[in-house]
Amino acid sequence: MKQKLVTLLFVLSALLPTALAEGISAEAADLFGQAVDAHGGEALTGIKGYTDQGAMFTFGPTGEVVQENAFRSYVDYANRRVRSELLQSGELFVVQQADSEGGYAWTAMAGEMPVTEAEAAELLVTLSTGIHGLIGGIDEFDSARVLGELDFSGTIGTGLELVRDGQAVTLLIGEDGRALGDQYVTSQLGPVHNVYSDY
């Protein structure tokens, strides 16, 4: 009888969600699953790389735009590698690249420079933003929790905080499960706040 009870407990423990034991709330896992489904479901996990482009705005202390630069980002999910490029007048101005072993930065004025381990980790935060964070699955994160309703510059959704390697990213998830935006903090840029028009 004791053997059957131990076996039953072992089987039941294997069936319990592992996310709960890893600091990921059931509510967060459910919201994460809705977001994955809204962005392609199982097809999302087959993505090996990603490229995007857009504009990055730098704001002054009173909220005015003081600089606008075009950007391009490249993400290699299989090798956990990211590269971001800022362009000025269509020419490369700044490049940052990182993977799990380190990274480098390059500027048009100073050339190539090494980055610290902390800076490389901050560059890898890209792997947790927007749909990037959805591709590897919830098990890629150390913790996850739902923050409730949040407002990102007039865009309202449910906040989902994801933490990986000490870096926290809050995804803003809409009622339909789509990622509406994200926010995080880096030592180089301070608070970063993104709102997507169609993601």
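Whatever comes next refers back to the structure up there.
Cut-offs used in this document
- Residues numbered from 1 in each chain as written.
- Predicted model: local features only at pLDDT ≥ 70, side-chain atom pairs only at ≥ 80, totals over all residues.
- Heavy atoms only, no water.
- Helix = DSSP H or I, 4+ residues; strand = E, 2+ residues; numbered from the N terminus.
- Buried < 20%, exposed > 50% of the residue type's maximum accessible area, 1.4 Å probe, protein only.
- Contact = heavy atoms within 4.5 Å.
- Areas by Shrake-Rupley, 256 points an atom, 1.4 Å probe, with all protein chains shown as cover.
- Phe/Tyr/Trp six-rings, centres within 6.5 Å; stacked < 30°, edge-to-face > 60°.
- Pairing = 2+ DSSP bridges.
- Axes fitted to C-alpha atoms, helices over the stretch in contact; angles between N-to-C directions.
- Salt bridge = Lys/Arg side-chain N within 4 Å of Asp/Glu carboxyl O.

J.: How would you summarise the overall build of the protein if you had to cite specific residues and measurements?
T.: Across its full length, the protein holds six helices and eleven strands. Considering the protein as a whole, with its 199 residues, one finds that 37% of them fall into the buried category. The contacts in the protein between residues at least 6 apart in sequence include a share of 38% that link residues at least 24 apart. Within the structure as shown, the protein displays about 11700 Å² of accessible surface, and the carbon and sulfur contribution to it stands at 55%.

J.: Please give an account of the packing of aromatic side chains that cites residues and values.
T.: Scanning all chains against the criterion turns up one aromatic pair. A centroid spacing of 6.2 Å and a plane angle of 70 degrees characterise the contact between phenylalanine 32 and phenylalanine 141, whose relative ring orientation is edge-to-face. Placement of the pair is phenylalanine 32 in helix H3 (residues 26–38) and phenylalanine 141 in the loop between helix H6 (132–135) and strand E7 (143–152), with a sequence separation of 109 residues. Accessibility expressed as a relative area gives 4% for phenylalanine 32, which makes it buried.

J.: Describe the sheet that holds strand E10 (residues 179–186), naming the residues involved and giving the relevant values.
T.: If you walk across this open sheet you meet the five strands as E7-E8-E9-E10-E11, and the pairing is antiparallel. Both outer strands of the open sheet, E7 and strand E11 (190–195), are each paired with one neighbouring strand and no more. The sheet shows a mean angle of 20 degrees between the axes of neighbouring strands, direction not considered.

J.: Residues and numbers for the environment of glutamate 91, please.
T.: For glutamate 91, the position within the fold is in strand E4 (residues 91–99). Residues glutamate 91 and alanine 108, 17 residues apart in the sequence, show an inter-C-alpha distance of 9.2 Å.

J.: Could you give an account of the environment of leucine 180, naming the residues involved and the relevant values?
T.: Here leucine 180 lies in strand E10. Between the C-alpha atom of leucine 180 and that of isoleucine 156, which follows or precedes it by 24 residues, the distance is 8.3 Å. Non-local contacts of leucine 180, meaning those with residues more than four positions away in its chain, are made with Thr155, Ile156, Gly157, Leu172, Ile173, Gly174, Asn194, Val195 and Tyr196.

J.: An account of the sheet that holds strand E6 (residues 111–114) is needed here, citing residue identities and associated values.
T.: Each strand in a sheet pairs with another by means of backbone hydrogen bonds, the pair being arranged parallel or else antiparallel. Read across the sheet, six strands follow the order E1-E2-E3-E4-E5-E6 without closing on themselves; strand pairing throughout is antiparallel. Sheet topology places strand E1 (49–59) and E6 at the edges, where each strand pairs with a single neighbour. Between one strand axis and the next, the sheet turns by 20 degrees as a mean value, whatever way the strands run. Looking at chain direction, strand E5 (residues 102–107) and E6 are connected through four bridges and run antiparallel. Within E6, the residue paired with tyrosine 104 across the bridge is proline 114.

J.: Which residues make up the pattern of salt bridges, and what values go with them?
T.: For the coordinates displayed, the defined rule picks out six salt bridges. Aspartate 165 is the salt-bridge partner of arginine 80, the closest N and O atoms lying 3.9 Å from each other. Of the two residues, arginine 80 is situated in the loop between strand E2 (65–76) and strand E3 (81–88) and aspartate 165 in the loop between strand E8 (155–164) and strand E9 (167–173); the sequence distance between them amounts to 85 residues. Arginine 80 gets classed as partly exposed once you look at its relative accessible area, which sits at 23%. According to the relative accessible area criterion, aspartate 165 is exposed, its value standing at 60%.

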